[in-house]
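# Chain and residue survey
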Amino acid sequence: MLIVHIGLGKTATTTLQRAVFPKLRDIVADLSYNEPEVMYLCRKHHLYGLSADENSRLRALLSEAETTLISDESLVNWNPRLWEKAANRNLELFGPDARIVITIRKPLEYLTSVYQQMVHQGNVKDAAEFFVASQTYDRLEPVTQGMSLEYFDVDAFSLERLHEVYKSRFRHVAVVPLSKISEFSFLAEPLHLSGGSVSELRRQFETAPRVNVAYSSLAMKLTFARERIFGVLGAKTAGSNDRAGYFWCRRYFGDEKPGQKTCGFVPGPAFPPKAGPVSRARLWQDGLAPV
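Keep in mind the model is a prediction, meaning the values are calculated, not measured.

All right, on to the overall build of the chain then. On a plain count of helices and strands, the chain comes out with 14 helices and seven strands. The buried share of the chain, reckoned over its 291 residues, is 52%. Here the analysis covers contacts within the chain between residues at least 6 apart in sequence; of these, 77% occur between residues at least 24 apart. Carbon and sulfur atoms provide 52% of the accessible area of the chain, an area that totals close to 13,900 Å².

In structure tokens:
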């Protein structure tokens, strides 16, 4: 059995990956979780594709354990304009029988968290500039980096659409709201977990220290104040979008120095907590209907 948790990001994914999913190795016999070579090949396929030998190697790795669990929020792609492309890549990687798990949260909360994360990573941009309509995105797309999220098309963002994209490709798709994650029904049913095992997972989830938490309002204000000072000096912060292409090329073409930290799949976006930028960014479109 293959279970693939594809995100969305900013839905307690890091807590699940660090505190909950590793615990399953003690509960479920012959379970493989996020083996490094598997993760490398999956991410490489999303970026460049795999050779025939690499594809065969991935098939072999996925069949080694009776149950394989993969969790990586980059698999869904942070850019809603690329959801279908990413879904096609995931279908190539995992096949239609893979059990897809999509964790979600309320759209405005998600966009807020994503925007704050983007600013936190040094990509300091006003929300009204970051969140754009499809027509504006079409004009900007030719000058953007393909692997980074420099602008967010709010017209393309719809959780219902995301669900449909995966339902049309995979036979088993579970959509789990953030408020329901701790019930772990998306694991209990396919893995036949006992009530005691579910309770243990819930305890791990609820007591785990929260990591990768959202940037505070004060931190956002200080960051923008710093950026204004830099602007006066003719400088700007070098964010993850500026570094993304460079680091990925070094990582996958073998030019990375030993011990050097790379940025991984570029997470994305977000959105300041005030209501003003929301209306300016035209967030409440048909494509952003609450679930």
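Axis separation between helix α4 (residues 52-62) and helix α5 (residues 83-94) bottoms out at 10 Å; the angle between their running directions is 70 degrees. Regarding the angle of α4 to α5, the classification is roughly perpendicular. On the side of α4, the interface is formed by Leu 58, Arg 59 and Leu 62, while α5 contributes Glu 92, Leu 93 and Phe 94.

Moving on: the nonpolar core. Membership of the largest hydrophobic core comes to 46 residues, with the highest contact counts inside it found for Val 4, Ile 70, Phe 94 and Tyr 166. Looking at this core, the element that brings in the most residues is helix α6 (residues 107-120), giving six residues. Not counting the four nearest positions on each side in its chain, Phe 94 is found in contact with Leu 2, Val 4, Cys 42, Leu 62, Ile 70 and Leu 75.

Evaluated as defined, the whole model comprises twelve aromatic pairs. Both rings, one in Phe 131 and one in Phe 152, keep their centres 5.5 Å apart while their planes meet at 65 degrees; by these two values the pair is edge-to-face. Residue Phe 131 is located in strand β5 (residues 131-132), and its partner Phe 152 is located in strand β6 (residues 152-153); the two are separated by 21 residues in the primary sequence. The same class applies to Phe 131 as to Phe 152, namely buried.

Across the sheet, five strands lie side by side as β2-β3-β1-β4-β7; this open sheet has parallel pairing. Taken across any chain shown, the strands that pair with only one partner, and hence form the sheet edges, are β2 (31-33) and β7 (172-177). Strand-to-strand, the axes of this sheet are offset by a mean angle of 15 degrees, without reference to chain direction. As defined by bridge partners, strand β1 (residues 2-5) adjoins strand β3 (residues 67-71) across four bridges and the pair is classed as parallel. Counted as the bridge partner of Ile 3 is Leu 69 from β3.

Now for the pattern of salt bridges. A side chain with one charge may pair with a side chain of the opposite charge, provided their charged atoms come close. Counted according to the given criterion, the structure contains 13 salt bridges. Measuring nitrogen to oxygen at the nearest pair gives 2.7 Å for the salt bridge that ties Asp 72 to Arg 43. Note that Asp 72 is positioned in the loop between β3 and α5 and Arg 43 in helix α3 (residues 36-47), a separation of 29 residues in sequence. Residue classification places Asp 72 among the buried positions, given a relative accessible area of 4%. Notably, a salt bridge pairs Glu 183 with Lys 180, separated by 3.7 Å at the nearest N-O pair. For Glu 183, a relative accessible area of 39% gives the class partly exposed. Overlapping salt bridges, with partners in common, bring together Arg 81, Asp 138, Glu 141 and Asp 153 in one network.

Here we take up the side chain of Thr 11. Assignment of secondary structure puts Thr 11 in the loop between β1 and α1 (13-20). The class of Thr 11 is buried, set by a relative accessible area of 0%. Side chain to side chain, Thr 11 and Thr 103 meet in a polar contact 2.8 Å long. Beyond its immediate sequence surroundings of up to four residues, Thr 11 is in contact with Leu 16, Thr 103, Ile 104, Arg 105, Leu 178 and Ile 181.

Where α1 contacts helix α11 (residues 195-207), the axes come no closer than 9 Å and their chain directions differ by 125 degrees. Classified by the angle between their axes, α1 and α11 sit oblique to one another. The interaxial crossing formed by α1 with α11 has right-handed handedness. When α1 is examined against α11, the residues Thr 15, Leu 16, Ala 19 and Val 20 are found in contact with a partner set consisting of Leu 201, Gln 204 and Phe 205. Taken together, the residues of the contact of α1 with α11 sort by class into five nonpolar, two polar and no charged.

Before going further, it helps to examine α5. The first and last C-alpha atoms of α5 sit 16 Å apart over twelve residues, in line with the 16 Å expected at 1.5 Å per residue. As for α5, its buried residues are in contact with β1, α3, α4, β3 and α9 (159-167). Once α5 ends, the next one or two residues include Gly 95, with phi positive near 80 degrees.

To continue, consider a nonpolar patch on the surface. Together, Ile 229, Val 232 and Leu 233 make up a nonpolar patch on the protein surface, roughly 360 Å² of accessible area in all. In this fold, Leu 233 is placed in the loop between α12 (217-232) and α13 (240-252).

Criteria and cut-off values
- Residues numbered from 1 in each chain as written.
- Predicted model: local features only at pLDDT ≥ 70, side-chain atom pairs only at ≥ 80, totals over all residues.
- Heavy atoms only, no water.
- Helix = DSSP H or I, 4+ residues; strand = E, 2+ residues; numbered from the N terminus.
- Buried < 20%, exposed > 50% of the residue type's maximum accessible area, 1.4 Å probe, protein only.
- Contact = heavy atoms within 4.5 Å.
- Areas by Shrake-Rupley, 256 points an atom, 1.4 Å probe, with all protein chains shown as cover.
- Axes fitted to C-alpha atoms, helices over the stretch in contact; angles between N-to-C directions.
- Parallel < 35°, antiparallel > 145°, perpendicular 65-115°, else oblique.
- Core = buried A, V, L, I, M, F, W, Y, C linked by side-chain atoms within 4.5 Å.
- Phe/Tyr/Trp six-rings, centres within 6.5 Å; stacked < 30°, edge-to-face > 60°.
- Pairing = 2+ DSSP bridges.
- Salt bridge = Lys/Arg side-chain N within 4 Å of Asp/Glu carboxyl O.
- Polar contact = N/O pair within 3.5 Å; in protein donor to acceptor, adjacent residues only side chain to side chain.
- Left-handed = near helix turned anticlockwise from the far one by under 90°.
- Nonpolar A, V, L, I, M, F, W, Y, C, P; charged D, E, K, R; others polar.
- Expected span 1.5 Å × (residues − 1).
- Patch = residues over 30% accessible without salt bridge, like charges linked within 9 Å, V, L, I, M, F, W, Y side chains within 5 Å.

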